[in-house]
Every structure is written in C-alpha cells, then in structure tokens.
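Summary of the model geometry
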Amino acid sequence: MACEKYRSIEAAIALVNPGARIMVGSFGLAGYPRELIEALATSGTRDLTIISNDLGAPGEGLGKLLTNNQIRALIGTYYNWNPEVAVANNEGRITVQLIPQGTFAEAIRAAGVGIPAFFTPTAAGTELAIGKETRQFHGRPCILEEAIHADVALIKAHKADELGNLVYYKTARNFNPIMAMAADTVIAEVDEIVPVGELDPECIVTPHMFVDVITTRKD
Amino acid sequence: MQIIPEQQARERIALTIARYFDGRARQGQLFINLGVGIPTMVANYVTSPHIFIQAENGMLGVGCAAPEGHMDHDLINAGRTCVTETPGCSYFDSATSFGMIRGGHVDATVIGAFEVDQHGNIANWIIPNGKQLGVGGAMDLVSGAKQVLIAMQHTSKSGRPKLVKECSLPITGIGEADMVITEYAVFTFDSGRLVLRELSPEITVEELRTITEADFELSQGAALHKT
C-alpha cells in the first residue's frame, strides 16, 4: 500500500498513552471509530479524559471504556443515553464537565483554527455559566468559553485516499471533521482507503494536512 | 372540563404546531428544528413543501422516520431515530450545524419542557435527582433559534401545572419562550406578558386558570379560536 500514514488498528491505538486527553467523534452510536474503541478497551489504557458528545450506551461504543474503568474525566454534552455515567459521577469515580452541544462544537473548532476563547450567548444566566466571565454584546449577555484541544483525536470517516484526505457518510460526519483539526495526533478509522485522485477534490471534507494516521478494519 | 387522553393530547399539540408552520410557510421557506417527543411528531403533520427540517447532529432536509427494513444507523436525527432523506438534503459537521442555529438561520425550534414560567423562562434540561447528566443542544437551540415553541402537555403526569409563575428547576434559557402549545391552549409571549391565543372546546378560561399557575391575559381584539 502506498499509504505512508497507514497503521494497523493496534499500532494506531498504541499511540494513546495513559492519562491522555482523547477526542472521539460520535453522536450516539453513529459515526464513532468502532475498531479503535474496541482496541482501546482491549488495551486497558487508563486515566483517560474523553472529549465526546456522549458516551454511547452501557457497555457499548464509548460506554465500554467506562464499564472497564479506563476513564478519569469526561468533557461533553449529553450522558443520559448511558446511565452508568451519572452513577460513576455520583460515586466520585469520574469527573464530568457538561457543555452545551453547540458551544462544545465551536470550542473544538476554535482549538482547530487557533482561537483560544470566544463569547457566546448560549447558556448565559444558567447553571452552566457559573464561574464564567460574562459580557454584554449588542445588549445581550454572553459568556466566555475556552477552546477545547486534545492530545489525540480518534475519528471515523467513510473513505480516505492514500494521502489522508477524508470524506464522510451521512450523519456519521457529526463532530469528526472538527475534531480532526483540534488534536496533536489525529487517527482516522475509515471503511476504505482509495488511491490518490479517486476522491473528487470538490467533495473532500477533511484535507489530508489534518490527518496523521489512517487505519481501517481488520479483515 | 373534559380530560383529554395523553395520546390524543400529544397528537393535537403536534397538529396545532404543524398547522401554524404550514400557515407561516405560505409566506416563504421555513427552516425548523424539532426536539424529541411531541416536537418530532410535528414532522408527521406538516404538509407544506416549503418547510425544511434541520437536525442538530448535522442534517438539513430530514424526512420521515425510516421504515422497518430500511434503517441506516448512520442516518439518524438528534433523538437517535433512523430517518430518511428528502430531495435536496445535505450533511454538515456539528459546528456548522450549531452555526446555523446560533447564527439565527433556523426560523423556529420546537422543544418540550418540564416548566415554562410567565417570564418566558424555560426549564427543560435537567431534573436534579442525580439520575440525569446532560444538556445536549437545548441551551443552544433556545438561545439561537429565531422563535422558540414549547410543545408540552398542560400539566405534569401528577397533575401539576407546567406553566408556572417562576421556574423551580434549573433553567435552559432566560425569557426565550415565544409560544406555548398545550392540548388545551395556545399562548404567546408579547412584550414579556403571557397571552392566551387559543382555547380548546373541552375547557373554559376559568377552568384553564385552575390548571395554570402562571398569570396570563386574554388576547385583545381577536376572539378565542377553537382548535
């Protein structure tokens, strides 16, 4: 294969160190890097901070990492699909930082494009604004939100070419393209790797500059 | 006062909102976002081809729920239901999706609520009982969408008013509610005042006040509609 960025699933997941801050693309069980998460669960790597919209379901998807006691902290938006999160939080086994979903997405995008913080009207005056700087813009209270960066992003795309350009599939796109911009090491799990030139340049969503490692399902 | 059974109540609320959107879509295209529960049911009743449904997980042009045997688990709405595409639909990342919402490009959002108070404050993201842990897109939607419609049954399952004087639960947004649609009535917020716009045939205004804690005014200049 003429793909310099290719690694096996196991070699790719070995890049995740204990205690790492990891971003994972997902919305429920749509668009998450299934094989990478399976391998991360098998690896037993611990003390992880997981930055993701939600945590799958109990024992399923990202939920496996919590069931396995590999998580120290969560940063995300919605954990009601996995009730094990509230239990672990109540028992003090993990910490959870809740962020409104649009703010979460923008904070990841901001990290990717070099903006350290931004003001947003979302959540102003609510419990989620406590401790955050507030300023009025156009007569509206806005709160200061900081960019969210990670050591590693584990993302899921539909196809990569051998350079690492990515295209996505339907609503499996979700947070993946922005996470691809916001981590030191970006590992993309794809369904298929195609020769350079096969993807229509007008349709490439993530340019290969953002992608460090490409991996795909084992046969 | 005649009790309206739950299923009928939910269908009526969705139908009332769908008719409202169909009416608005006669003036031009309408981009709407539907929350889970009753709001999702609105999609079953809208008829205008000028209404486009946006899902915050990254889709514009959401169709009906996918039929059995045609489900694609990578084609879902924000409630994780498998859906279908409409002609001209598009996909985008979550930052773009919330950019549409925060940027004021989404005309209306329909959401459920635990409580709405007479100041237009909405509580719909958490009941602090230690079992819930999530906000999702609720705060982004109420602060970003141009119009916020609350679709909810008039009282809680235990019979308590959900339209209250002051929200007792943690709020999702301050003064963001524009309309409240229940099985018995339609209210709007006009200059910070809650105004009764429509009343169902099963109830009188006096009876409505007994199941509504919030103070409300009667709309002036127009007779009350019957749904």
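In case you missed it, the structure is sitting above this.
Residues numbered from 1 in each chain as written. Chains lettered and ligands numbered in written order. Predicted model: local features only at pLDDT ≥ 70, side-chain atom pairs only at ≥ 80, totals over all residues. Heavy atoms only, no water.

Notes on the packing of aromatic side chains
Evaluation of the coordinates by the stated rule reveals 7 aromatic pairs over all chains. Taking 5.5 Å as the distance between ring centres and 70° as the angle between the ring planes, the aromatic pair formed by Phe104(A) and Phe175(A) counts as edge-to-face. Taken together, the residues span a long stretch of sequence, with Phe104(A) in helix H5 (residues 101-112) and Phe175(A) in the loop between strand E9 (166-167) and helix H6 (176-179) at a distance of 71 residues. For the pair Phe104(A) and Phe175(A), a shared accessibility class is recorded, and that class is buried. Put simply, the rings of Phe27(A), Tyr78(A) and Trp81(A) touch in pairs and so form one group of aromatic residues. Over the aromatic face of Phe216(B) sits the side chain of Arg209(B), whose NZ or CZ is 4.3 Å from the ring centroid. (Phe/Tyr/Trp six-rings, centres within 6.5 Å; stacked < 30°, edge-to-face > 60°. Helix = DSSP H or I, 4+ residues; strand = E, 2+ residues; numbered from the N terminus. Buried < 20%, exposed > 50% of the residue type's maximum accessible area, 1.4 Å probe, protein only. Lys NZ or Arg CZ within 6 Å of the ring centre and 35° of its normal.)

Things to note about the layout of surface pockets
All names here are of chain B. Size it by volume and the second largest pocket reaches roughly 280 Å³. Lining the second largest pocket are 15 residues, and of these Val46, Ile51, Ile53, Val62 and Thr86 lie nearest its centre. The biggest single contributor to the lining of the second largest pocket is strand E3 (residues 59-65), with 4 residues. Across the lining of the second largest pocket, the residue classes tally to 9 nonpolar, 6 polar and no charged. (1 Å grid on protein atoms, 1.4 Å probe; cavity = no way out; pocket = protein on both sides within 12 Å on 5 of 7 lines; lining within 4 Å. Points joined across faces, edges and corners; volume = space filled by probe spheres on them. Nonpolar A, V, L, I, M, F, W, Y, C, P; charged D, E, K, R; others polar.)

Side note on the interface of chain A and chain B
At the junction of the two partners, chain A supplies 42 residues and chain B supplies 38 residues. A buried area of about 3,200 Å², summed over both sides, lies between chain A and chain B, and 59% of it is on carbon and sulfur atoms. Between Glu176(B) and Arg140(A) there is a salt bridge, with the nearest N and O atoms lying 3.4 Å from each other. Our enumeration of links across chain A and chain B arrives at 20 residue pairs in polar contact (both at pLDDT 80 or more). For the side of chain A that touches chain B, the elements supplying multiple residues, two or more each, are helix H4 (84-90), strand E4 (95-98), H5 and H6 of chain A. Of the residues in the side of chain A that touches chain B, the class split is 21 nonpolar, 15 polar and 6 charged. (Contact = heavy atoms within 4.5 Å. Buried area = accessible area lost by both parts, 1.4 Å probe. Salt bridge = Lys/Arg side-chain N within 4 Å of Asp/Glu carboxyl O. Polar contact = N/O pair within 3.5 Å; in protein donor to acceptor, adjacent residues only side chain to side chain.)

Overview of the environment of Gln2(B)
Residues and elements named next belong to chain B. Structurally, Gln2 can be placed in the segment before helix H1 (6-24). In this structure the C-alpha to C-alpha distance between Gln2 and Ile203, which are 201 residues apart in sequence, comes to 6.6 Å. Non-local contacts of Gln2, meaning those with residues more than four positions away in its chain, are made with Tyr184 and Glu202.

Quick word on the state of the cysteines
Inspection of the entire model under this criterion finds 0 disulfides over all chains. Left without a disulfide partner, Cys89(B) is nearest to the cysteine sulfur of Cys64(B), which lies 12 Å away. (Disulfide = S-S within 2.5 Å.)

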